[in-house]
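Per-entry structural report
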Amino acid sequence: MSEETDQKKNKKLRGRAAAVGLTKERIVDFAIAQIDEKGLHAFSMRELARALGVSPNNIYWHVGGTKEDLFGEVAARFTAEVSQSLPRDKPWQDRLRTVFQSYREAVSDHANVAPLLGAQLKSNGVANLALVEAVLTALHDAGYRGPGMRDAFNALIGGLCGFVTMEFAPAPDEKANEWEALFAERVAAIDPDLFPYTHSVLPEVSNRIFVLRWENGKHVSYASGFDFLLDLLIEGLSARAPNQPAKP
């Protein structure tokens, strides 16, 4: 295809997109709505284009050229929100707490997006710089540098964002109700001779802890576990922070 033909094609795409008021923000809005309704597994670029009244090429032109680019923009919508109410004049510990609590709240409103966040490399990228900047700045203010800063950053993102991704992990796509009933039966039938302690605490943990559950965070709250992990990480980072106050 010649350069002149490419230019004509791009001009046509821009013209159609402008005619229907297409923007990157509108595309992301509609993509999130589709994922909310049908789940990430059923996401379709063709259906998204149909809902927007454009061709898939119009969408690709706005978001970078691939479905993965669009997924990156969807992920960035959630990571960008965390910086909007960030208390920049507060101690670094308070800023980290606000960042990750805001992140979890944003994802909890759109739980079907959770599998896309962090667990897949296609959700990474420079579109998520609001979250990166907020966390790195807080760690810098705590005194973390070099390898220590990298390790602290990865512990926070892996632990807390990973918690949220796992919290809202989806049920199997097909026959979900049958799977849930079968899983619940298997948990209830855990052998007390082989796993005596697990069996003894089943009333407390059944369907309330990761692994031994058949419903995700949309139905069973994991807020206390998230806050517990957040406290552990911030307290641990504070204890090891190079800029921690000297003891009297």
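In every chain, residue numbers begin from 1 and rise along the written sequence. Where local features are concerned, this predicted model is filtered to residues with pLDDT of at least 70; where side-chain atom pairs are given and counted, the filter is 80 or more; whole-chain, interface and lining totals use all residues. Neither water nor hydrogens contribute to the side-chain values; these are computed over all heavy atoms in the structure.

1. Brief notes about the overall build of the chain
- Helix and strand content of the chain: 12 helices and 0 strands.
- A contact between two residues is defined here by any heavy atoms of the two lying within 4.5 Å. Counted over contacts in the chain with a minimum sequence separation of 6, partners at least 24 positions apart contribute 71%.
- Exposure was quantified through the Shrake-Rupley algorithm and a 1.4 Å probe, taking into account, for residues, occlusion by the shown protein chains and nothing else. Carbon together with sulfur atoms contributes 53% to the accessible area of the chain, which is approximately 14,200 Å² in total. Secondary structure elements follow DSSP: runs of H or I no shorter than four residues count as helices, runs of E no shorter than two count as strands, and numbering proceeds from the N terminus.

2. Focus on the packing of aromatic side chains
- Pairing of aromatic side chains here covers Phe, Tyr and the six-membered ring of Trp, requires ring centres within 6.5 Å, and sorts the geometry by plane angle: under 30 degrees stacked, over 60 edge-to-face, intermediate tilted. Per the counting criterion, the structure on display carries 6 aromatic pairs.
- Between Phe210 and Tyr222 the ring centres are 4.9 Å apart and the planes differ by 15°, which places this aromatic pair in the stacked class. Taken together, the positions of Phe210 in the loop between helix 11 (202–205) and helix 12 (223–240) and Tyr222 in the loop between helix 11 and helix 12 put the pair 12 residues apart, joining distant regions of the chain.
- Members of the aromatic cluster, joined through ring pairs, are Phe163, Phe210, Tyr222 and Phe226.
- For Arg104, the ring lying beneath its charged end belongs to Phe226, and the centroid distance is 5.7 Å. A ring is considered to have a charge above it if a Lys NZ or an Arg CZ atom is located within 6 Å of its centre and within 35 degrees of its normal.

3. Side note on the pattern of salt bridges
- Salt bridge, as used here, is a side-chain nitrogen of Lys or Arg placed within 4 Å of a carboxyl oxygen of Asp or Glu. Tallied over the entire structure, the rule returns 6 salt bridges.
- Note that Lys24 is salt-bridged to Glu73, the shortest N-O span being 3.6 Å. On the criterion of sequence distance, the pair formed by Lys24 in helix 2 (residues 24–38) and Glu73 in helix 5 (residues 67–81) is long-range, its members being 49 residues apart.
- Relative accessible area serves as the criterion here: at 31%, Lys24 is assigned to the partly exposed category.
- With a closest N to O distance of 2.7 Å, Arg104 and Glu167 form a salt bridge. With Arg104 in helix 6 (residues 92–108) and Glu167 in helix 8 (residues 146–167), this residue pair connects regions lying 63 residues apart in the sequence.
- The class for Glu167 is buried, based on a relative accessible area of 0%. In this scheme, a residue with accessible area under 20% of its type's maximum is buried, one over 50% is exposed, and one in between is partly exposed, where area comes from a 1.4 Å probe on protein chains only.

4. Quick word on unusual backbone geometry
- The residue Asn207 is not glycine, and still its phi comes out positive at about 60°.
- Tracing the backbone shows Asn207 in the loop between helix 11 and helix 12.
- Asn207 sits in the buried class, given a relative accessible area of 9%.
- The phi angle at Val211 is positive, at roughly 85°, despite the residue not being glycine.
- Tracing the backbone through its elements, the reader meets Val211 in the loop between helix 11 and helix 12.

5. Quick look at helix 5
- Across its 15 residues, helix 5 extends 22 Å between first and last C-alpha, which sits within 8% of the 21 Å expected from 1.5 Å per residue.
- Among all positions in helix 5, only Leu70, Phe71, Gly72, Val74, Ala75, Ala76, Phe78 and Thr79 are buried.
- Elements in contact with the buried residues of helix 5: helix 2, helix 3 (45–52), helix 4 (56–63), helix 6 and helix 7 (129–142). Here, expected helix span is obtained from the residue count minus one, scaled by 1.5 Å.

6. What about the nonpolar core?
- Nine residue types can take part in a nonpolar core, namely buried Ala, Val, Leu, Ile, Met, Phe, Trp, Tyr and Cys, and a core is a set of them joined through side-chain atoms within 4.5 Å. If you look at the biggest cluster of nonpolar residues, it comprises 56 residues, and the most contacted ones within it are Leu70 and Phe100.
- Mapped by element, the contributors of at least two residues to this core are helix 2, helix 3, helix 4, helix 5, helix 6, helix 7, helix 8 and helix 12.
- Beyond its immediate sequence surroundings of up to four residues, Leu70 is in contact with Ile27, Val28, Ala31, Phe43, Met45, Leu48 and Val63.
- Counting residues in each nonpolar core, the second largest holds 7 residues, with Val201, Leu202, Leu212 and Trp214 among its members.

7. Regarding the side chain of Gln34
- Among the structural elements, Gln34 can be located in helix 2.
- Residue class for Gln34 comes out buried when judged on its relative accessible area of 9%.
- The residues touching Gln34, leaving out its near neighbours within four places in the chain, are Gly39, Ala42, Phe43, Ser44, Glu47 and Leu48.

8. Considerations on the confidence of the model for the chain
- pLDDT runs from 0 to 100 and stands for how confident the predictor is about each residue. In the predicted model, the chain carries a mean pLDDT of 85, and the fraction of residues at 70 or more is 83%.
- Within the chain, the lowest mean pLDDT, 49, falls on helix 1 (residues 3–19), and the highest, 98, falls on helix 10 (residues 196–200).
- Note that residues 6–10 has pLDDT below 50 and, in this model, 3 contacts with residues that lie over four places away or in other chains.

9. A short note on the packing of helix 8 against helix 12
- Convention adopted: a line fitted to C-alpha atoms gives each axis, helices being fitted over their contacting stretch, and angles between N-to-C directions are expressed from 0 to 180 degrees. Relative to each other, helix 8 and helix 12 sit at 180°, their axes nearing to 11 Å. Classified by the angle their axes make, helix 8 and helix 12 are roughly antiparallel. Residues Ala152, Ala155, Leu156, Gly159, Leu160, Phe163, Val164 and Glu167 of helix 8 form the contact with helix 12, whose own contacting residues are Ala223, Gly225, Phe226, Leu229, Leu230, Leu233 and Leu237.
- Only Asp, Glu, Lys and Arg are considered charged, only Ala, Val, Leu, Ile, Met, Phe, Trp, Tyr, Cys and Pro nonpolar, and every remaining residue, Gly among them, polar. Among the residues making up the contact of helix 8 with helix 12, the classes are represented as 12 nonpolar, 2 polar and 1 charged. Roughly parallel covers angles under 35 degrees, roughly antiparallel covers those over 145, roughly perpendicular covers 65 to 115, and oblique covers all other angles.

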